[in-house]
Amino acid sequence: MRTKMILKFPKAVTNEPITYELIKKYDLRINILKADINFKLEGHLIFDVDGNSKDIAGALEYLENLGVEADLITSTINIDSNKCVSCGLCTSACAVKALHLNREDWSLNYTELKCVGCNLCISTCPTRAITNTVW
Ligand code: SF4
Ligand code: SF4
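This one's a predicted model, so the numbers in the text were calculated from it and none came from an experiment. (Residues numbered from 1 in each chain as written. Chains lettered and ligands numbered in written order. Predicted model: local features only at pLDDT ≥ 70, side-chain atom pairs only at ≥ 80, totals over all residues. Heavy atoms only, no water.)

**Some details on the overall build of the protein**
If you tally the helices and strands in the protein, you get three helices and eight strands. In sequence order, the protein lays out its α and β elements as β-α-β-β-α-β-β-α-β-β-β. Dimensions along the principal axes, computed over C-alpha positions, put the protein at roughly 45 × 35 × 25 Å. The buried share of the protein, reckoned over its 135 residues, is 32%. Counting only contacts in the protein whose residues sit at least 6 apart along the sequence, the fraction spanning at least 24 positions is 66%. Of the roughly 8,400 Å² of accessible surface on the protein, a fraction of 51% belongs to carbon and sulfur atoms. Separation of charge centres in the protein, based on 15 positive and 16 negative side chains, amounts to 4 Å. (Helix = DSSP H or I, 4+ residues; strand = E, 2+ residues; numbered from the N terminus. Buried < 20%, exposed > 50% of the residue type's maximum accessible area, 1.4 Å probe, protein only. Contact = heavy atoms within 4.5 Å. Areas by Shrake-Rupley, 256 points an atom, 1.4 Å probe, with all protein chains shown as cover. Lys, Arg positive; Asp, Glu negative; His and termini not counted. Charge placed at Lys NZ, Arg CZ, Asp CG, Glu CD.)

Okay, structure coming up:
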């Protein structure tokens, strides 16, 4: 099973070796897409994860017991190239840089592997070129 996970963890656990535990204890293969700590010292982590569903369920239980909010990302977006006018508004809404304008021909590029399914880009599009698919 391959999916993406978004974690929000409180100050008390920002020093815990969470990704190490997910890899070692639950045999998950993890590719970190975004990680940051805000001014309140709360952490956010978004990553691509590959593992069997039992191990992913075990990892979610481990995170919950630690007090970490964890969500699986279960949607992706579609872009209708006939409606897109390459205005670039959606690119500024995308925190993980899954959307960018190609400087050679100003076409919009979408990298699905980076997309975390937040859907923030959808409402920014003036031509309604972006829709989402829920898995
Ligand atoms: S849904 Fe849109 S804004 Fe959110 S990560 Fe995917 S491309 Fe970026
Ligand atoms: S906001 Fe809509 S029209 Fe503008 S670049 Fe993005 S998809 Fe294209």
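**Some thoughts on the pattern of salt bridges**
Under the counting rule described, the total for this entry stands at four salt bridges. Taking the shortest distance from any N to any O, the salt bridge between Arg2 and Asp48 comes out at 2.5 Å. Of this pair, Arg2 sits in strand S1 (residues 2-9) while Asp48 is found in strand S3 (residues 43-50), placing the two residues 46 residues apart along the sequence. Residue class for Arg2 comes out exposed when judged on its relative accessible area of 54%. With its nearest N and O atoms 3.6 Å apart, the salt bridge here joins Asp36 to Lys34. According to the relative accessible area criterion, Asp36 is partly exposed, its value standing at 32%. (Salt bridge = Lys/Arg side-chain N within 4 Å of Asp/Glu carboxyl O.)

**Considering the site of ligand 1**
Surveying the vicinity of ligand 1 reveals the residues Ile77, Cys94, Val96, Ala98, Leu99, Tyr110, Cys115, Val116, Gly117, Cys118, Asn119 and Cys121. Class assignment of the residues belonging to the shell around ligand 1 gives a composition of 10 nonpolar, two polar and no charged. (Near = heavy atom within 4 Å. Nonpolar A, V, L, I, M, F, W, Y, C, P; charged D, E, K, R; others polar.)

**A closer look at the side chain of Lys4**
Relative to the helices and strands, Lys4 resides in strand S1. Despite its burial, Lys4 pairs with no opposite charge, the nearest such side chain being Asp48 at 4.7 Å. Polar contacts involving the side chain of Lys4 include one to the main-chain carbonyl oxygen of Glu112, which spans 3.2 Å. Apart from residues no more than four positions distant in its own chain, Lys4 is found in contact with Leu33, Phe47, Asp48, Val49, Asp71, Leu72, Ile73, Glu112, Leu113, Lys114, Cys115 and Val116. (Polar contact = N/O pair within 3.5 Å; in protein donor to acceptor, adjacent residues only side chain to side chain.)

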